[in-house]
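An overview of the molecular structure
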Amino acid sequence: MADSSGMILVFAAIANVAGFAWLALAMNVHWQQIQGGPAPSHAQRIALRLLGITGLVGSAILCFLADRPSMAVLVWIMLLAGAAVLVALTLAWRPGLLRILWPLS
Amino acid sequence: MTTHQDKRKPSGMAIFNRVAAALLGGYLFTWGFSAFSITGLVALGVDFHESQTAIMLLSFLVFLGLFLWSFAAASLTRVWAVLGGGGAVMTSVAWALQRALLG
Amino acid sequence: MLSNFRLSMTWVHTWFGLVLGFVLMACFFFGALSVFDREIDRWAIPETRFPAQPMPSFDTVLKPVFDKLRAHPDDMAATADRVIGELPHPDTMPLESLYAYTTHRDPVLSIGGEFGIPNKPKDASDEHQHVHGWATIDPRDGTVLPEDRLKIGSNWFYPMHYSLQWHWQNIGYWVVGLAALVMLAALVTGVIMHRKIFREFFTFRPHKRTQRSTLDLHNLTGVVALPFHFFFAFTGLVIFNGIYLPLEETMLKPMHDHAEVLEAQHTGLPHEAAEIAAPLASVDAMVAEAKRRWAARDVAGEVGLLTINHLGDINGYVSIYRAGSDRVALVGEAIHFKASTGEVLREDPPRSVVSDINEFLTGLHLQHFKHWLLRWLYVLGGLLGCVCIATGFLFFVEKRKQQHAKTGVQGSRIVDALAVTTVTGMVIAAVAMLVANRLLPADLEGKGDWEQNIFWGAWVLALLHALLRSAPVAQARINPAWREQCWMLAVLSVTAVLSNWTSTGDHLVKTVFVETYWPVAGLDLSLLATALLSVVAARKLAYRERSMSPAVERASGTNGIGALAGEMKHG
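This is a predicted model, so every value here is computed, not measured.

Conventions used here
- Residues numbered from 1 in each chain as written.
- Chains lettered and ligands numbered in written order.
- Predicted model: local features only at pLDDT ≥ 70, side-chain atom pairs only at ≥ 80, totals over all residues.
- Helix = DSSP H or I, 4+ residues; strand = E, 2+ residues; numbered from the N terminus.
- Rg over C-alpha atoms; globule rule 2.2 N^0.38 Å.
- Buried ≥ 20, exposed ≤ 12 C-beta atoms within 10 Å, placed from the backbone.
- Contact = placed C-beta atoms within 7 Å.
- Pairing = 2+ DSSP bridges.
- Axes fitted to C-alpha atoms, helices over the stretch in contact; angles between N-to-C directions.
- Expected span 1.5 Å × (residues − 1).
- Core = buried A, V, L, I, M, F, W, Y, C linked by C-beta atoms within 7 Å.
- Parallel < 35°, antiparallel > 145°, perpendicular 65-115°, else oblique.
- Left-handed = near helix turned anticlockwise from the far one by under 90°.
- Nonpolar A, V, L, I, M, F, W, Y, C, P; charged D, E, K, R; others polar.
- pLDDT = per-residue confidence, 0-100.

**A few points about the overall build of chain B**
A tally of regular secondary structure across chain B gives three helices and zero strands. Helices and strands appear in chain B in the N-to-C order α-α-α. For 103 residues, the compact-globule formula gives about 13 Å, and the C-alpha radius of gyration of chain B, at 16 Å, lies well above that figure. When the backbone C-alpha atoms are referred to their principal axes, chain B occupies close to 55 × 25 × 15 Å. In chain B, which comprises 103 residues, the proportion classed as buried is 39%. Contacts in chain B between residues at least 24 apart in sequence constitute 82% of all its contacts with a sequence separation of at least 6.

**Some words on the overall build of chain C**
Along chain C, the regular secondary structure elements total 20 helices and seven strands. In summary, chain C has a C-alpha radius of gyration of 27 Å against a globular reference of 25 Å for 571 residues, a match within 12%. Projected onto its principal axes, the C-alpha coordinates of chain C cover approximately 90 × 60 × 55 Å. Among the 571 residues that make up chain C, the fraction classed as buried is 43%. Within chain C, contacts between residues at least 6 apart in sequence are counted, and of these 71% link residues at least 24 apart.

**Some points on the interface of chain B and chain C**
Facing the 30 residues of chain B at the interface are 31 residues of chain C. Mapped onto the side of chain B that touches chain C, the elements with two or more residues apiece are α1 (12-43), α2 (48-72) and α3 (76-102) of chain B. Considering every element that reaches the side of chain B that touches chain C, the biggest residue donor is α2 of chain B, with 16 residues.

**Side note on the sheet that holds strand β4 (residues 303-309) of chain C**
Residues and elements named next belong to chain C. Read across the sheet, seven strands follow the order β3-β2-β1-β4-β5-β6-β7 without closing on themselves; strand pairing throughout is antiparallel. A strand with exactly one partner marks an edge of an open sheet, and here the two such strands are β3 (130-137) and β7 (344-347). Averaged over neighbouring strand pairs, the angle between their axes works out to 15° when direction is ignored. Of the strand pairs in this sheet, strand β2 (residues 109-116) and β3 are connected by eight bridges, and their pairing is antiparallel.

**Notes on helix α7 (residues 210-224) of chain C**
Spanning 15 residues, α7 of chain C covers 21 Å between terminal C-alpha atoms, matching the ideal 21 Å at 1.5 Å per step. Within α7 of chain C, 13 of the 15 residues are buried, leaving the element largely enclosed by the surrounding structure.

**Things to note about the interface of chain C and chain A**
Contacts between chain C and chain A engage 25 residues on the former and 21 residues on the latter. At the level of secondary structure, the elements contributing two or more residues to the side of chain C that touches chain A comprise α7, α8 (226-239), α12 (353-366) and α13 (372-407) of chain C. Among the elements that line the side of chain C that touches chain A, the one with the most residues is α13 of chain C, at eight residues.

**Considering the arrangement of the chains**
Contacts are most numerous between chains B and C, taken over all two pairs of chains that touch. There is a clear gap between chain A and chain B: no contact, and 18 Å between their nearest C-alpha atoms.

**Some details on the nonpolar core**
Side chains of a nonpolar character, in soluble globular proteins, are inclined to be buried together. One finds Ala84 and Val87 of chain A together with Ala185, Ile428, Ala429, Val431 and Ala432 of chain C to be the most contacted residues of the largest nonpolar core, which totals 181 residues. Looking at this core, the element that brings in the most residues is helix α14 (residues 411-439) of chain C, giving 17 residues. In this structure Val431 of chain C touches Leu489, Leu492, Ser493, Ala496 and Leu527 of chain C, once residues within four positions along its chain are discounted. Grouped together as the second largest cluster of nonpolar side chains are 28 residues, Val65, Leu109, Val287 and Tyr321 of chain C included.

**Some points on the packing of helix α1 (residues 5-34) of chain C against α14 of chain C**
Residues and elements named next belong to chain C. Direction vectors running N to C along α1 and α14 enclose 15°, while the axes themselves pass 11 Å from each other. On the basis of the axis angle, α1 is roughly parallel to α14. Note on packing geometry: the crossing formed by α1 with α14 is right-handed. Along the contact surface, α1 presents Leu18, Phe22, Met25, Ala26, Phe29 and Leu33, while α14 presents Val415, Leu418, Thr422, Met426 and Ala430. Looking at the contact of α1 with α14, its residues break down into 10 nonpolar, one polar and no charged.

**Considering the environment of Leu384 of chain C**
All names here are of chain C. Of note, Leu384 is situated in helix α13. Given 24 C-beta atoms within 10 Å, Leu384 falls into the buried group. Each C-alpha atom, one on Leu384 and one on Pro90, is 49 Å from the other, the two residues being 294 residues apart in sequence.

**A word on the pairing of strand β5 (residues 317-322) of chain C**
Residue and element names in this part refer to chain C. Counted residue by residue, β5 has six buried out of six residues, so it is predominantly covered. Judged by which residues are buried, β5 turns out to be covered on both faces: Tyr317, Ser319 and Tyr321 on one side and Val318, Ile320 and Arg322 on the other are all buried. Across six bridges, the pairing between β4 and β5 is antiparallel. When the bridges of β5 are listed, Leu305 appears paired with Tyr321. Sheet topology note: the β5/strand β6 (residues 332-338) ladder contains five bridges and is antiparallel.

**Observations regarding the confidence of the model for chain B**
Within chain B, residue pLDDT values average 91, and 92% of them lie at 70 or more. Confidence drops under pLDDT 50 across residues 1-7 of chain B; counting only partners more than four residues distant or on other chains, this segment forms nine contacts.

**A short note on the packing of helix α4 (residues 69-93) of chain A against α13 of chain C**
Where α4 of chain A contacts α13 of chain C, the axes come no closer than 10 Å and their chain directions differ by 50°. The orientation of α4 of chain A with respect to α13 of chain C, classified from their angle, is oblique. When you trace α4 of chain A past α13 of chain C, the crossing you get is left-handed. For the pair α4 of chain A and α13 of chain C, contact is made by Met71, Leu74, Val75, Met78, Leu79, Ala81, Gly82 and Val85 of chain A and by Leu373, Leu374, Leu377, Tyr378, Leu380, Gly381 and Leu384 of chain C, respectively. Residue classes in the contact of α4 of chain A with α13 of chain C are distributed as 13 nonpolar, two polar and no charged.

**Observations regarding unusual backbone geometry**
Residues and elements named next belong to chain C. Despite not being glycine, Gln169 has its phi angle at roughly 55°, a positive value. Secondary-structure assignment places Gln169 in the loop between α5 (152-163) and α6 (171-193). For His310, which is not glycine, the phi dihedral falls at a positive 50°. The topology assignment puts His310 in the loop between β4 and β5.

**A word on the pairing of strand β1 (residues 95-101) of chain C**
All names here are of chain C. Bridging between β1 and β2 involves six bridges; their strand directions are antiparallel. Within β2, the residue paired with Tyr99 across the bridge is Gly112. Of the strand pairs in this sheet, β1 and β4 are connected by four bridges, and their pairing is antiparallel. Note on β4: the bridge partner recorded for Tyr101 is Leu305.

**Remarks on α1 of chain B**
An ideal rise of 1.5 Å per residue puts 46 Å on 32 residues; α1 of chain B measures up with 45 Å between its terminal C-alpha atoms. Of the residues one or two after α1 of chain B, Gly45 of chain B is the one with positive phi, at around 100°.

**Points about the environment of Glu333 of chain C**
Residue and element names in this part refer to chain C. Position of Glu333 among the secondary structure elements: in strand β6. Residue Glu333 is classed as partly exposed on the basis of its 19 C-beta neighbours within 10 Å. With residues up to four places along the chain from it excluded, the contact list for Glu333 reads Arg322 and Asp348.

Structure follows, in structure tokens:
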């Protein structure tokens, strides 16, 4: 990890967490935890899923920019694990925090 | 075991037999599989260390599959026949093949 | 084995997971610590708290050190048992091969070599005709460091995670190997059992009753880190394939030996000494040439491993291996030189696809790379593995303890006590060892042995404590040992940080801000985090114990104990 790639990896981690949070928001049970209202509309769900996939793919691209491919694969897979746990724990204890990722409703 | 399929809890002896088959039988089969595959690949002209490396990557996955199958299979006799028999046959073939190759 | 496939797989998951889970806890926890083994060494051996060093000059620094290196008394004794006749005096044994090894995280350098002996082995098939010598040196000036300092990270925690420090007949390796196979089986069967992997991907409901929330956490930590768990268990088996499936040393030995000879012919590196003496050319010049060639290939160019074979012989050769700091695959791309002239004999050719895959898989486990984020993510992966296994135990207990309380069966009580021992007890053992390391006098005879005995002693005490306090579990309540050991752990962790300060003067303000030294600061901060987490856990446990005490239970009616506990914790 060259020092200049440190910043890229920070963004990769953020994109990863955001990606998983959007994917969680696209699920009825978590949408209700965060937004309180009824299930997301069909269009909202599609948009959230697209955003989620973009976040995870974007994170992968950033990992590949920061490191050699063999290393980047490991970093991305491990970031996925860390980000998913973070999103799950946030949903359990501070679901309101995730509202900033979908402030529209 | 096959006669007691309706019972929820297998007896201690049945468990012991099943675990022995999964671990010992599975190991024997994996051993035979690895020896046979390595010598087989060498016979086909692949470098020894190359085949050894490749088969070692496969053999633990083979063991994993056999281990689970040993518990999934209905008949313990069949488990022993496949694992023990297969392992012994492949080990013997590998032995003979090695002698022929170095002969 | 049972009436249907799913039940059989559940049986495998439950019972193998339970029995080998205790071993897996140790593998995952000490494995997680091993990610920072070199840093733990620095904390435990304050004399070596200086920055990581590159491979020093061979000609000026290492050569005089190797001239002084002698066969190690331990290996002298071991070899004396294996050979016929008296061994010669160590001063007269010729050094026939040597190595020097370092990584980008090592301030100190490991060196060693093989000394030739004239004795014949007792067992004719025993080909090992050498006595080994080894040492750890300060690469800045070649000072040999005292040998009785136990490297707690790389020589205690690290071997613990693959051998359990149980060396008789390699049995520790076999137990860990079985545990790794069971881990793989538990992952596959877990996926078969878990019906809602995607629907419950982010699900953790800490406010529901304990049985539900532990299962949530078990599933969450198992699923999100599934690739980590699978590949670490799998590559652990692959790394030790020579022990688990020793084909090339036993049944396929003829084929293996044949291939070795062919390879030696092919590489041009002499397999045997010629028994003709020859001087050693400048090794520094060879290192410079190796670095020049790596630079030409545009790869990172620090030396990781330097070896000389057939030292002092006309067939001698020097092999210079690149440190694997910039990629996953292991040390390699060696350049070999003729020792007497310095001419290049061979450059390792590009590897085949199979060997590339193998080196990637073993390299991702052994992690020689320089990537601090990935290291911390590995620690996280290891700890997620521990949470997964520990919640497995808790779920096992929760599911059965009401039933066991009614029927008077002691099973869940014993499993719970063993869970205490492998969760808080194991961490207590590790931290107690660190405290002992700082509080015992530095010049104590056999200090390393004391540290090891304190490690085992603390762990056994934790087991006894957990068993003695386990009676409430038989009444479907919480073992107070959980809470008490959390407090113990918090006290020990803070003591470790304070005793590091008092014994070395390295407090956190100094190691973080004034003279930044992350190896020590990182461990101190981790210990404080452990203490904090333990206090939080202990307080929550106290809350739950109170809410589940018989008095509260009577007041709230007979059912809904778990729900009540959940509510109290929520509030």
